[in-house]
Amino acid sequence: MSSVWERVEPLLGTVERPARYLNSEWNAVHKDATEYRVALMYPDAYEIGMANQAIAILYERLNAIPGVSAERVFVPWVDMIERMRSAAVGLFTLESSVLVRDVDLLGITLPYELTYTNILEALDLAGLPVRADQRDETHPLVVGGGPCVFNPEPVAPFFDAFLIGEGEQAVAEIVSAHREALAGGLSRPDTLARIACIDGVYVPSLHEPGSAGRGVRVTKRVVDDMDACRGPLCPVVPYMDVVHDRVAVEVLRGCTRGCRFCQAGMVYRPVRERSADTVVRDVLEGLRCTGYDEVSLTSLSTTDHSQLEEVLRRLTRRLEGTGVTVSLPSLRADAFGVEMARLVAGAGRKSGLTLAPEAGTQRLRDVINKNVTEEDLLSAVESAFRSGWRRVKLYFMLGLPTETDDDVRGIGDLTAKVLRAARDVTPADQRGSVRVAVSVSTLVPKAHTPFQWQGQIPREEIERRQAVLRESMPRKGVDLSWHDADVSLLEAVLARSGREAADGIEAAWRAGARFDAWTERFDLAVWREAFSSAGMDIDAMAHRSYEREDVLPWGHITSGVAEDYLWAEYERALAGEATPDCSFEACTGCGVCGPAGLGVDMVLGGERRGR
Amino acid sequence: MAGDEFRLRLCCGKRGRLRFLSHLEYSHAFERGARRAAIPYSVTKGFSPHMKAAFGPALPVGTQGLREYIDVWLTRYVAAETVLAALGQALPGDLAPTEAGYAAAKEPSLGAACTIGVYEVRVEGGDVAQDIVSRALDDVVGAGVWQVEHKGKTKVFDLAESLPKEMDVRSTGEAEVVVGVTTRMGQGGSLRPDSLVSHALSRAGVAGAVTLVTRLDTLIETEEGTFRRPI
Ligand code: SF4
């Protein structure tokens, strides 16, 4: 297999940011003896994909297997795509610049619905048929993974297989089954039948849509011991500025706060913390072998970690005088005590303070099970502004179930109180610099959450509620921004549709949709037109609700959380009843833990406090 | 404050495929390498402390540099060879330093001192030949001044001032020549040798294109008007 670098290099003089295509970054792995080659693709530009932890983890694990090499692939920016197409250069891997169509396995992570057209663009640029049923033994096996595969149906026709859930252990099993199939000269269908036997693997060609009973049933994979699965210790260090340009150390997985709109909180259960010792060790090791000057302690809810204070104290001591800063991805109102504020400020005040009350009234926060009270929020703001913060960002959602105009106006009232609390504790001469940023999005009901049966509110209604909200906002000291309602609408369509949506996605891509996650490139009109040409109405799809007895398009995929539990949670939501967090209080019976569930248990490093 | 610090001057490079790094990417790559090498670098005081390092004149994306200079301040004296070896281990070969030496604290910054760039511009294509390219360049130089439009701004270069040495053209193969250009940066900015050569080619109607630009050397002009290396 030969490198196409010599044909790539002449294209680089005239494209934007050629550092995207250079490879040879520090810690990139180059294996000479390779019997089996994997391309790991993130379906967006380099600077977005390089932040992805899943790719980094699988890259390191696959490269550790003798005879196997894993190389990275990102979607070239549109200018480079054009150059490549006119020079007839196919999509290539970074490390050895081999053509993606020549590798054995193409693994694609599905981070976000709006990257779907990029997947088609990449397959096509690689010279591969975009539909799995058009591909054969001469093509790589195309396997999807990542957050969006919990409803794989809208993209099912483009993939040979999906891995549902955590990949650390499963990837090696897939690779070894595929190597055996290749050695045995198996046909593509026989190969897929063999791979489908691996736990957590879903082969869409073996499943008839809408037939939850007759088709296959796939349960997600889950890692039982996070300390045994060390993250990427020596991740590739990019040359160009990328998002999250720092060492990322995962401190825990899973979150059981139980916010009813949150898919991650449902599908990554149970909570598994890594111990303070392994976290500290991995931070120091990661800094040493990357040369970064910043480290981030990542997870869905870092401040919930039972040993976080100890970790921060130890790191502050070890990193003193090096100019290295520690950041937390987001700080939660309820766990963000005075002590934490002081520690984070001591370790380098780089974290922005972001708080997500999500709803403006206590009634509606109970509906979504966001157990944050107004007092929690205001005292967190006070302690942060006392410790020197001057800005805070608040996240809210519109279109939550049972929402009334009073709830919408509640967002403005709460913002005004936050502003007042922040100003009150800020020295008079600095009050002018106090800012509250308010970011408002529209609820996108997601599969595998208690709101999965519910449709998104109609487009006109979103606009009406936005107007109500705008009216209720304080005029001064607030920066109000909106997540584009057009984008939310498409997210809603792609998050909860069945396999029929694939025709719409393909039509949109053929009509030129690419890089839809980039605001300046997104155009809902193209999508509306594409879906309608495929006989579908995008607005109706976003708004569609399902009944309890309906077979959900993703009904054959399970995260371990029982559908009955989700339904019970939905009913409690409508009744305004909160459900406690099982990592602080007793089990609430979601069905994940123990032998009757996924056979794993919650792992805590100590007792969780702070609720 | 500078008195108790040690200013080490390094001669690095931006070679091979890494010529496609922007100046910012290049400087980040160096700083990360220096942290990996665990050399005792000084950290600036203030709100966001960072490594104390200063870079010579920037190279454009795509232009290779064989002798690019970086000053890095250390908190204690370490033999230059020791730093050189540590950085050699911690930086990609295309960036790794080849020389190091201590510089006086009072010396002007690299950015201000290094005003002379010695370049090689490779030209390839159709009717490229030594005499044709030489003639095209002579015509441009003969005009005395060269006016460039860049991002809506007009720059005027006095070529006698901007080109302290005569350009030379060497044939390096079939339809391929290398033009040696030495430039002096002045108030009006720095002249891009590849733009100058491209301008000459198109003005003379020569079919050919610049395929590689290399800065061979970055030099300091002394008061006597001679050129010397920064280390
Ligand atoms: S089974 Fe119980 S303890 Fe386990 S994640 Fe679900 S609610 Fe929590």
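Bear in mind that the values here come from a model prediction, so they are computed numbers and not experimental data. (Residues numbered from 1 in each chain as written. Chains lettered and ligands numbered in written order. Predicted model: local features only at pLDDT ≥ 70, side-chain atom pairs only at ≥ 80, totals over all residues. Heavy atoms only, no water.)

A.B. asks: Whenever I open this one, the site of the ligand confuses me. Can you help?
C.D. replies: Neighbouring the ligand are the residues Arg-269, Cys-582, Cys-587, Thr-588, Gly-589, Cys-590, Gly-591, Val-592 and Cys-593 of chain A. Residue composition of the shell around the ligand, grouped by class: 5 nonpolar, 3 polar and 1 charged. (Near = heavy atom within 4 Å. Nonpolar A, V, L, I, M, F, W, Y, C, P; charged D, E, K, R; others polar.)

A.B. asks: Got a minute to help me understand the domain arrangement of chain B in this structure?
C.D. replies: When the parts come together, some accessible area is lost, and that loss is often what is quoted as the size of the interface. Residue and element names in this part refer to chain B. Taken as a whole, chain B is organised into domain 1 (6-107) and domain 2 (114-228). Together domain 1 and domain 2 conceal approximately 1,000 Å² of surface at their shared face, both sides included; 52% is due to carbon and sulfur atoms. Connecting domain 1 to domain 2 are 2 salt bridges. Two residues, Asp-217 and Arg-67, come together in a salt bridge whose shortest N-O distance is 3.4 Å. (Domains from an automatic or database assignment. Buried area = accessible area lost by both parts, 1.4 Å probe. Salt bridge = Lys/Arg side-chain N within 4 Å of Asp/Glu carboxyl O.)

A.B. asks: Hey, could you run me through the sheet that holds strand S4 (residues 141-145) of chain A in this one?
C.D. replies: The strands making up a sheet associate through hydrogen bonds between their backbones, and the pairing can be parallel or antiparallel. Residue and element names in this part refer to chain A. Spatially, 6 strands are ordered S2-S1-S3-S4-S5-S6 in an open sheet, and the strand pairing comes out mixed. Of all the strands in the sheet, the pair left with one neighbour each is strand S2 (68-74) and strand S6 (201-202). In terms of strand pairing, strand S3 (residues 105-109) meets S4 through 5 bridges, oriented parallel. Bridge pairing links Leu-105 to Leu-141 in S4. Its contacts with the sheet place helix H3 (residues 53-63) against strand S1 (36-42), S2 and S3, and it is angled at close to 155° to S2. (Pairing = 2+ DSSP bridges. Helix = DSSP H or I, 4+ residues; strand = E, 2+ residues; numbered from the N terminus. Contact = heavy atoms within 4.5 Å. Axes fitted to C-alpha atoms, helices over the stretch in contact; angles between N-to-C directions.)

A.B. asks: Even after reading the chapter, I still don't get the environment of Leu-216 of chain B, so can you show me in this structure?
C.D. replies: Residue and element names in this part refer to chain B. Turning to its location among the elements, Leu-216 is positioned in strand S10 (residues 209-221). Assessed through its relative accessible area of 27%, Leu-216 is described here as partly exposed. Once the C-alpha coordinates of Leu-216 and Leu-66 are considered, the two residues, 150 residues apart in sequence, prove to be 5.2 Å apart. For Leu-216, the contacting residues outside a window of four places in its chain are Leu-66, Arg-67, Val-118, Tyr-119 and Glu-120. (Buried < 20%, exposed > 50% of the residue type's maximum accessible area, 1.4 Å probe, protein only.)

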